[in-house]
Amino acid sequence: MATVEDIKSYEVLMERLVGAYKARVFALCKQAELTPPQFWALKTIRDLSHTKMSPLADHLGLSLGAASTLVDRLVNRCLVERTTDAHDRRAVHVSPSAKGDQVLREALEAKRMMMHRVFEDVAPEMRPRLLLGLSALDAAW
């Protein structure tokens, strides 16, 4: 059973880790000239592959109006394309443009390199235990 001290330590560490991760992702977004919501929206649009607005809004945890505004900004920057459904003209699909794919690839590569640098700072003998602990946390959520 976890002690009160264990829970407090866990809480402090998670807040610090999430804060550090967030700060680094924000810096990467700035370098890619994206806001963090634009980065996550572009990544989600790519992951969902030619999606309608409603599933996109659900995946982003946004209202349909907020998701539409976010997509409008990405369309204006030529990072996302909107197309109408051939069978339902009311339905709109969004997908990354070639430019959006390129920007996202570069941002994700920069993110991978950042994660690589962070992981390299962990002593080699600690890495398997770290990954095991993170896997346990992932399973617990």
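This structure is a prediction, so every number in the text was calculated from the model and none was measured.

J.: I keep staring at the overall build of the protein and nothing clicks. Help me out?
T.: The helix and strand inventory of the protein stands at six helices and three strands. On C-alpha atoms alone, the protein measures out to a radius of gyration of 19 Å, which is more than a quarter above the 14 Å that the 2.2 N^0.38 rule sets for 141 residues. In terms of overall dimensions, the protein has a C-alpha envelope of 55 × 30 × 20 Å along the principal axes. Split into buried and exposed, the 141 residues of the protein put 27% on the buried side. Expressed as a percentage of contacts within the protein between residues at least 6 apart in sequence, the contacts between residues at least 24 apart total 48%. A total of about 9900 Å² of accessible surface is found on the protein, and carbon and sulfur atoms cover 59% of it. When the 20 positive and 18 negative side-chain charges of the protein are each reduced to one mean point, those points stand 5 Å apart.

J.: For this particular structure, what's the right way to read a nonpolar patch on the surface?
T.: On the surface, Tyr21, Trp40 and Met115 cluster together into a nonpolar patch covering about 260 Å² of accessible area. Its place among the elements puts Tyr21 in helix α1 (residues 4–31). Classification of Tyr21 by relative accessible area gives partly exposed; the value is 31%.

J.: I'm lost on the packing of aromatic side chains in this one. Help?
T.: Both the distance between ring centres and the angle between the ring planes are used here to describe each pair of aromatic rings. For the structure shown, the criterion picks out one aromatic pair. Both rings, one in Phe39 and one in Trp40, keep their centres 4.8 Å apart while their planes meet at 70°; by these two values the pair is edge-to-face. Of the residues examined, Trp40 reaches a relative accessible area of 32% and is grouped as partly exposed.

Definitions and cut-offs
Residues numbered from 1 in each chain as written. Predicted model: local features only at pLDDT ≥ 70, side-chain atom pairs only at ≥ 80, totals over all residues. Heavy atoms only, no water. Helix = DSSP H or I, 4+ residues; strand = E, 2+ residues; numbered from the N terminus. Rg over C-alpha atoms; globule rule 2.2 N^0.38 Å. Buried < 20%, exposed > 50% of the residue type's maximum accessible area, 1.4 Å probe, protein only. Contact = heavy atoms within 4.5 Å. Areas by Shrake-Rupley, 256 points an atom, 1.4 Å probe, with all protein chains shown as cover. Lys, Arg positive; Asp, Glu negative; His and termini not counted. Charge placed at Lys NZ, Arg CZ, Asp CG, Glu CD. Patch = residues over 30% accessible without salt bridge, like charges linked within 9 Å, V, L, I, M, F, W, Y side chains within 5 Å. Salt bridge = Lys/Arg side-chain N within 4 Å of Asp/Glu carboxyl O. Phe/Tyr/Trp six-rings, centres within 6.5 Å; stacked < 30°, edge-to-face > 60°.

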